[in-house]
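# Secondary and tertiary structure notes
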Amino acid sequence: MSATFLGLPPFPEAARAAVGDSRTRQNLHKATHTIRGKRDAVVGELGEDWQRLRSQGERVKTHTLRHLDHYLEQLEESVQRAGGTVHWAADAAEANAIVTRLVHETGEREVVKVKSMATQEIELNNALEAAGITAYETDLAELIVQLGEDLPSHILVPAIHLGRAQIREIFLRQMAEWGVPAPPGLTDDPKALAEAARVHLRELFLRAKVAVSGANFAVADSGTLVVLESEGNGRMCLTLPETLISVVGIEKIVPTWSDLEVFMQLLPRSSTGERMNPYTSTWTGVTPGDGPQNFHLVLLDNGRTDVLADTVGRQALRCIRCSACLNICPVYERTGGHAYGSVYPGPIGAILTPQLQGMSSETDKALPYASSLCGACYDVCPVAIDIPEVLVHLREQVAQGPGHTDEKALMAGADAVFGSAKALDAVQRAAGAVGGNLPRHLPGMAGKWTDTRDLPDVPGQSFRQWWNKRDQQEEEGR
Amino acid sequence: MRIALFITCVNDTLFPDTGRAVVRLLERLGHEVVFPADQTCCGQMHYNTGYRRPAAKLAVRFAKTFGNADAVVVPSASCAAMVRDNYPKLGGNGSRLSRKMAQLGPRVYDLTEFLVDVLEVTDVGAYFPHKVVYHPTCHGLRFLGLGDRPYRLLRAVRGLELLELPGAAECCGFGGTFSVKNGDVSAAMGFDKARHAVGTGAEFLCAVDNSCLMHIGGTLSRQRSGMRIAHIAEILASTEKEYAHA
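Residues numbered from 1 in each chain as written. Chains lettered and ligands numbered in written order. Predicted model: local features only at pLDDT ≥ 70, side-chain atom pairs only at ≥ 80, totals over all residues. Heavy atoms only, no water.

## What about the sheet that holds strand β4 (residues 108-110) of chain B?
Residue and element names in this part refer to chain B. Strand order in the open sheet made by the four strands is β2-β1-β3-β4, with parallel pairing throughout. The sheet is open, and its two edges are formed by β2 (32-34) and β4, each paired on a single side. Across the sheet, the mean angle separating the axes of adjacent strands is 35° when strand polarity is ignored. Where strand β3 (residues 71-74) and β4 come together, three bridges link them in parallel fashion. What sits directly across from Val74, in β4, is Asp110. Strand contacts of helix α2 (residues 16-28): β1 (2-5) and β2, with the helix running at about 175° to β1, the strand carrying the most contacts. (Pairing = 2+ DSSP bridges. Helix = DSSP H or I, 4+ residues; strand = E, 2+ residues; numbered from the N terminus. Axes fitted to C-alpha atoms, helices over the stretch in contact; angles between N-to-C directions. Contact = heavy atoms within 4.5 Å.)

## Focus: the UniProt feature "domain: Cysteine-rich" (unreviewed entry) in chain B
Residue and element names in this part refer to chain B. Annotation from UniProt places "domain: Cysteine-rich" (unreviewed entry) at residues 3-83 and 132-216. Measuring from the first to the last C-alpha atom of residues 3-83 gives 17 Å, for a span that is 58% helix and 12% strand. Split by type, residues 132-216 is 48% helix and 12% strand. Its first and last C-alpha atoms lie 15 Å apart. (UniProt positions renumbered as here; feature names shortened; annotations may be inferred.)

## Topic: the packing of helix α8 (residues 140-147) of chain A against helix α9 (residues 164-178) of chain A
Residues and elements named next belong to chain A. Here α8 crosses α9 at 75°, and the two axes come no closer than 9 Å. It follows that α8 is roughly perpendicular to α9 by the angle criterion. In this structure, α8 uses Leu140, Leu143, Ile144, Gln146 and Leu147 to contact α9, whose residues at the interface are Ile167, Ile170, Phe171, Gln174, Met175 and Trp178. A breakdown of the residues in the contact of α8 with α9 according to their chemical character gives nine nonpolar, two polar and no charged. (Parallel < 35°, antiparallel > 145°, perpendicular 65-115°, else oblique. Nonpolar A, V, L, I, M, F, W, Y, C, P; charged D, E, K, R; others polar.)

## Digging into the sheet that holds strand β7 (residues 243-249) of chain A
Residues and elements named next belong to chain A. Taken together, six strands build an open sheet; the order of strands is β1-β10-β7-β4-β2-β3 and the sheet is parallel. Each edge of the sheet is formed by a strand with only one pairing partner; in this case those strands are β1 (85-89) and β3 (134-137). Strand-to-strand twist in this sheet, taken as the mean axis angle between neighbours without regard to direction, amounts to 25°. As judged from the five bridges shared by β1 and strand β10 (residues 294-300), these two strands associate in the parallel manner. Its bridge partner lying in β10, His87 is registered against Val298.

## Quick look at the UniProt feature "domain: LUD" (unreviewed entry) in chain A
Here, the residues flagged by UniProt with the feature "domain: LUD" (unreviewed entry) are residues 72-286 of chain A. What you have in residues 72-286 of chain A is 45% helix and 19% strand, and the ends, taken at the C-alpha atoms, are 19 Å apart.

## A short note on the side chain of Asn11 of chain B
Residue and element names in this part refer to chain B. Checked against the element boundaries, Asn11 lands in helix α1 (residues 9-14). With a relative accessible area of 1%, Asn11 lands in the buried category. Among the polar contacts listed, one links the side chain of Asn11 to the side chain of Asn210, at a separation of 2.7 Å. Excluding its chain neighbours within four sequence positions, the residues that come into contact with Asn11 are Pro16, Thr18, Pro75, Ser76 and Asn210. (Buried < 20%, exposed > 50% of the residue type's maximum accessible area, 1.4 Å probe, protein only. Polar contact = N/O pair within 3.5 Å; in protein donor to acceptor, adjacent residues only side chain to side chain.)

## Focus on the interface of chain A and chain B
Contact with chain A, which involves 61 residues of that partner, is made by 60 residues of chain B. Together, Met411, Phe418 and Phe463 of chain A form the three largest contributors to the area buried by chain A at its contact with chain B, with a combined 14%. On inspection of chain A and its partner chain B, the count reaches eleven salt bridges. Here Arg334 of chain A makes a salt bridge to Glu170 of chain B, at a shortest N to O gap of 2.9 Å. At the junction of chain A and chain B, the tally comes to 31 residue pairs in polar contact (both at pLDDT 80 or more). (Buried area = accessible area lost by both parts, 1.4 Å probe. Salt bridge = Lys/Arg side-chain N within 4 Å of Asp/Glu carboxyl O.)

## Here's the deal with a nonpolar patch on the surface
All names here are of chain A. Together, Val434, Leu438 and Leu455 give the surface a local cluster of nonpolar side chains, amounting to about 200 Å² of exposed area. Structurally, the position occupied by Leu438 is in the loop between α21 (421-434) and α22 (447-450). Residue Leu438 is classed as partly exposed on the basis of its relative accessible area, which comes to 36%. (Patch = residues over 30% accessible without salt bridge, like charges linked within 9 Å, V, L, I, M, F, W, Y side chains within 5 Å. Areas by Shrake-Rupley, 256 points an atom, 1.4 Å probe, with all protein chains shown as cover.)

## Considering the nonpolar core
Generally speaking, a soluble globular protein has its nonpolar side chains buried in company with each other. Counting residues in each nonpolar core, the largest one holds 188 residues, and the members touching the most others are Phe171 and Phe217 of chain A. Broken down by element, this core gets its largest block of residues, eight residues, from helix α5 (residues 77-91) of chain B. Sequence-distant contacts of Phe171 of chain A, that is, excluding residues within four places in its chain, are made with Leu140, Ile144, Leu147, Ala182, Leu186, Leu193, Ala196 and Ala197 of chain A. In terms of nonpolar packing, the next biggest core, distinct from the first, is built from 20 residues, Leu102, Val103, Val111 and Val298 of chain A among them. (Core = buried A, V, L, I, M, F, W, Y, C linked by side-chain atoms within 4.5 Å.)

## Brief notes about the state of the cysteines
Residues and elements named next belong to chain B. Summed over all chains, the structure comprises zero disulfides over all chains. Sulfur of Cys42: no disulfide; nearest cysteine sulfur belongs to Cys79 and is 3.8 Å away. The class for Cys42 is buried, based on a relative accessible area of 3%. Free cysteine: Cys212, not disulfide-bonded; nearest cysteine sulfur from Cys172 at 4.2 Å. (Disulfide = S-S within 2.5 Å.)

## Observations concerning the environment of Met101 of chain B
All names here are of chain B. On the secondary structure map, Met101 appears in helix α6 (residues 96-104). Classification of Met101 by relative accessible area gives buried; the value is 2%. Distance from Met101 to Asp85, taken between C-alpha atoms, is 9.7 Å for residues 16 residues apart in sequence. Non-local contacts of Met101, meaning those with residues more than four positions away in its chain, are made with Ala63, Val83, Tyr87, Pro88 and Pro106.

## Some points on empty space enclosed by the protein
All names here are of chain A. According to the stated counting rule, one finds four cavities of 30 Å³ or more in the structure shown. Of the volumes computed, that of the largest cavity is approximately 100 Å³. Considering the residues around the largest cavity, the lining is formed by 15 residues, among which Cys319, Cys322, Cys325, Cys381 and Pro382 are closest to the centre. The set of elements that each furnish at least two residues to the lining of the largest cavity consists of α14 (324-328) and α18 (376-380). What the second largest cavity holds in volume is close to 70 Å³. As for the second largest cavity, its lining consists of Cys329, Pro330, Val331, Pro347, Ser371, Ser372, Leu373, Cys374, Gly375, Ala376 and Cys377. Of all elements in the fold, only α15 (330-335) and α18 reach the threshold of two or more residues within the lining of the second largest cavity. (1 Å grid on protein atoms, 1.4 Å probe; cavity = no way out; pocket = protein on both sides within 12 Å on 5 of 7 lines; lining within 4 Å. Points joined across faces, edges and corners; volume = space filled by probe spheres on them.)

## Remarks on unusual backbone geometry
Its identity as a non-glycine residue notwithstanding, Ser323 of chain A has a phi of 80°, on the positive side. Position of Ser323 of chain A among the secondary structure elements: in the loop between α13 (304-308) and α14. Its identity is not glycine, yet Glu120 of chain B carries a phi of approximately 55°, on the positive side. With respect to the helices and strands, Glu120 of chain B occurs in the loop between α7 (111-118) and β5 (131-134).

Dropping the structure here:
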């Protein structure tokens, strides 16, 4: 069975280990800063137009989500008209059952996969494996993660946490178990690694009769699905097999073909820092004699309708999975994706995951706090999701729930102190009397501060006291 | 102009020098400063941690305390941003608080905004003969959009050599309760910020927010780096006669 995010420790705990792992931190620093620079350059060259594009992307997505019922029905009709079959899945279990049944009906025992967050979200590979079906990831980074029995740690670059020496090791150790083995003299030269993957994957592409994909966009009026990718491996999966099954979140809809124009500019620039991605594949139902002859679209809800009901949180559904927020986030840069304990890491994961799956576990409850609220994610988001606003909104829900007794007591105390200027003055006088005699290491929550940083000395006189004295002296002087 | 000072709870309690510097500076520029005594805290810590109700109570207190002021000056970008960006949301649409804040919000300024936009000065007659780096805090940079205002003010200070801080736009990792809830990540971010600052060879790290400075300064102090922190108000208030950091 493949690895799973279930049962991983809450963010602060997982982050502690990640922060201490210097090799991973180096990999992440280098990767995120490189891609940041590329993004800045290609976004910068659009000047003022970028903000206009961004607003347009936001508008299209907001409009579509507001009329999602209409566009979903339209999409269903269009796909059926084009010769495809549409399935509706309320949750992960239903989606997995549908895909498993569809694969079984082909009589095949293996599928090739196009990189897809939706199938990660429902842990499709595990479900297929349980049903005796092998799923082969064909995206290079997904392949590395799958071979390494690891978990993806980034939306766009799932193996971002690994260096090339580690990748070489994984290829040498695992490729043979899954198909064509790695060449014995394999070096960690990127070209050699890519070539080993190419040879390994080619056999699978030519052999597979069934492919599973997601989609970046689903066009309602034409029934067209769209995948953007960099390697061409996705296109191999989308065109060679006889049967294609696409699992797509219901929020992926855009109304018309011409709406794609906006996202074809927003997405590559935000994600890979390119003006255009190398491969854009579109498919509309089936075409006799060309490409897959059976096409199934599985429309996935899995919590999305609940998110839509939340007036503040629903903006998370605008997300086009570009990863710009991960790449800019100073927290993600230092912890990597695994610390988030969720398929969607980084700032978007911190608001999307707890909304999609609810906040019953400690891991889910910790996610809205996995941010310093610096706002860099909102700045770069191509569809202007105000991630800090949603984080605070979700924190309210956590704070209203049970637990956090220490924190609630602290807040109640602060409430009392700040409820009157007199009370504040009294506390300041008491603290000022302790002055510079605070212990270097404090117990409890405050210890998280004094472990690594000094506290400032409390001055003997608050500003308020100084002001009042000065005021008095002036009065007397008059 | 009669200027109401919102000192903020952190400055009031831990950094009274900053408040004194603001008063000295504004009076030197010929303005009267008043200190409405009922003020306490802007409620940002409550709000950001998910405690909306107490934050709303403090918002109402603020609106009442400062409602009649011609201008409210705040020596903290994050508290100014809290008041301007979040108070209207706290009351809800059409509430009394949101109506009041629609009037009052535009009269609330971070100190550097007030100097440059309202008083229209960049040379405040300051003297500070040191090498300085400026850390643009997240609230100053992204929420208030202070832009080059602090830099313009600092460049006009006699004797001051302004050095460039690498990775300036990156968060220092304070983030209010984030600094204890996620202490390890916060410390790692603060460490990198401190490293970049020390690497410039500057003597002072300056910012518009003492909470960020407290965090970075705590790291600098633990590392015995010798680098000191200063709120921008202290630098701008400093003159040959009344020199802040002797």
